[in-house]
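This is what each chain is made of:
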Amino acid sequence: MKVYCEGFDPVYDERSRVLILGSFPSVKSRAEGFYYGNKQNAFWRTLSAFFGEALPQTTADKRAFVLEHRIALWDVVISCEIEGSADSSIEHERIADLPALLNGSKIEAVLCNGATAYNLLLKNFPDLSPIAQKLPSTSPANPRFSKAVWFETLRRFFQP
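The rules behind these values
Residues numbered from 1 in each chain as written. Predicted model: local features only at pLDDT ≥ 70, side-chain atom pairs only at ≥ 80, totals over all residues. Heavy atoms only, no water. Core = buried A, V, L, I, M, F, W, Y, C linked by side-chain atoms within 4.5 Å. Buried < 20%, exposed > 50% of the residue type's maximum accessible area, 1.4 Å probe, protein only. Helix = DSSP H or I, 4+ residues; strand = E, 2+ residues; numbered from the N terminus. Contact = heavy atoms within 4.5 Å. Pairing = 2+ DSSP bridges. Salt bridge = Lys/Arg side-chain N within 4 Å of Asp/Glu carboxyl O. Axes fitted to C-alpha atoms, helices over the stretch in contact; angles between N-to-C directions. Phe/Tyr/Trp six-rings, centres within 6.5 Å; stacked < 30°, edge-to-face > 60°. Parallel < 35°, antiparallel > 145°, perpendicular 65-115°, else oblique. Left-handed = near helix turned anticlockwise from the far one by under 90°. Nonpolar A, V, L, I, M, F, W, Y, C, P; charged D, E, K, R; others polar.

**Student:** Is there a simple way to think about the nonpolar core in this case?
**Tutor:** A general trend in soluble globular proteins is that nonpolar side chains are found buried together. In terms of nonpolar packing, the biggest core is built from 50 residues, with Leu73 and Leu98 touching the most fellow members. It is helix α2 (residues 43–51) that provides the largest number of residues to this core, a total of five residues. Setting aside residues no more than four positions away along its own chain, Leu73 makes contact with Pro10, Val11, Leu19, Ile20, Phe34, Tyr35, Tyr36, Phe43, Trp44 and Val66.

**Student:** Any chance you could explain the pairing of strand β2 (residues 18–22) here in plain terms?
**Tutor:** In regular strands, side chains alternate between the two faces of the sheet. The buried fraction of β2 is high, at five of five residues. Of the two faces of β2, the one holding Val18, Ile20 and Gly22 and the one holding Leu19 and Leu21 are both buried throughout. Across five bridges, the pairing between β2 and strand β3 (residues 71–75) is parallel. Note that in β3 the partner of Leu19 across the bridge is Ala72. Of the pairings in the sheet, the one linking β2 to strand β6 (residues 109–113) comprises four bridges and is parallel in character. Residue pairing for β6: Val18 is matched across the bridge by Ala109.

**Student:** It is not clear to me how the pattern of salt bridges should be interpreted in this structure. Could you clarify?
**Tutor:** Oppositely charged side chains may form a pair once their charged atoms are brought near each other. Tallying each qualifying case throughout the model produces one salt bridge. Measuring nitrogen to oxygen at the nearest pair gives 3.1 Å for the salt bridge that ties Glu32 to Lys62. Linking Glu32 in helix α1 (residues 27–32) with Lys62 in helix α3 (residues 59–68), this pair joins segments that are 30 residues apart in sequence. By relative accessible area, Lys62 is classed as buried at 4%.

**Student:** Is there a simple way to explain the sheet that holds strand β1 (residues 3–6) in this structure?
**Tutor:** Two pairing modes exist for strands in a sheet, parallel and antiparallel, and in both the strands are linked by backbone hydrogen bonds. Pairing in this open sheet of three strands is antiparallel, and the strands run β1-β4-β5 from one edge to the other. Looking along the sheet, the strands with just one partner apiece sit at the ends: β1 and β5 (91–95). Each neighbouring strand pair of the sheet contributes to a mean axis angle of 10°, computed without reference to strand direction. Relative to β5, strand β4 (residues 77–82) is paired through three bridges, and the arrangement is antiparallel. In the sheet register, Val77 faces β5, and the bridge partner there is Ile95.

**Student:** Help me understand the environment of Ala86 in this model?
**Tutor:** Note that Ala86 resides in the loop between β4 and β5. Here Ala86 falls in the partly exposed class, since its relative accessible area comes to 32%. Residues Ala86 and Thr58, 28 residues apart in the sequence, show an inter-C-alpha distance of 25 Å.

**Student:** Help me understand the packing of aromatic side chains, please; the structure alone is not making it clear to me.
**Tutor:** Two descriptors summarise a pair of aromatic rings, namely the distance from one centre to the other and the angle between the planes of the rings. Scanning all chains against the criterion turns up 13 aromatic pairs. Geometrically, the ring pair formed by Phe43 and Trp150 is edge-to-face, given 6.1 Å between the ring centres and 85° between the ring planes. Here Trp150 lies in helix α6 (residues 147–155) and Phe43 lies in helix α2, a separation of 107 residues in the sequence. Both residues of the pair, Phe43 and Trp150, belong to the buried class.

**Student:** Is there a simple way to think about the packing of α2 against α6 in this case?
**Tutor:** To describe two helices that pack against each other, one gives the angle between their axes and the distance between the axes. Where α2 contacts α6, the axes come no closer than 10 Å and their chain directions differ by 50°. By the angle between their axes, α2 is oblique relative to α6. Between α2 and α6 lies a crossing whose hand is right-handed. Of α6, the residues touching α2 (which contributes Phe43, Thr46, Leu47, Ala49 and Phe50) are Lys147, Trp150, Phe151, Leu154 and Arg155. Residues belonging to the contact of α2 with α6 are distributed by class as follows: seven nonpolar, one polar and two charged.

Structural measurements only, silent on function.
Here is the structure:
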């Protein structure tokens, strides 16, 4: 059964240079109240390994971690009807105002965490395609996740 859900506010500050854009928070993330809350999701493990730092445990630690590394977080869908965590079930979505975020910040690249985020970004904001890149989803539902692809992309923007 589909339920109406709202996502999270963006996490960024005046130092943020790269936006990692997801699709919509999973059930576990919504229960935790922060991005990538499912412990099976490879997101936090991947970033921690790339930067050679301990895995952040709390929401405050995770927020501080991304901001320290000049990373912004947001989802392309800010509210929708959804069944469980399935991106394929998203309906009646409200799309994030990405141009407003980008115009009000120094963000220069958008790394999309999976095909759904990338496709919705291009569908709604085709003019952002030059700064957008699709990465394999860190979701535990993605059997083709590649830490190597993430590392290769992150190296273009950050020194680990």
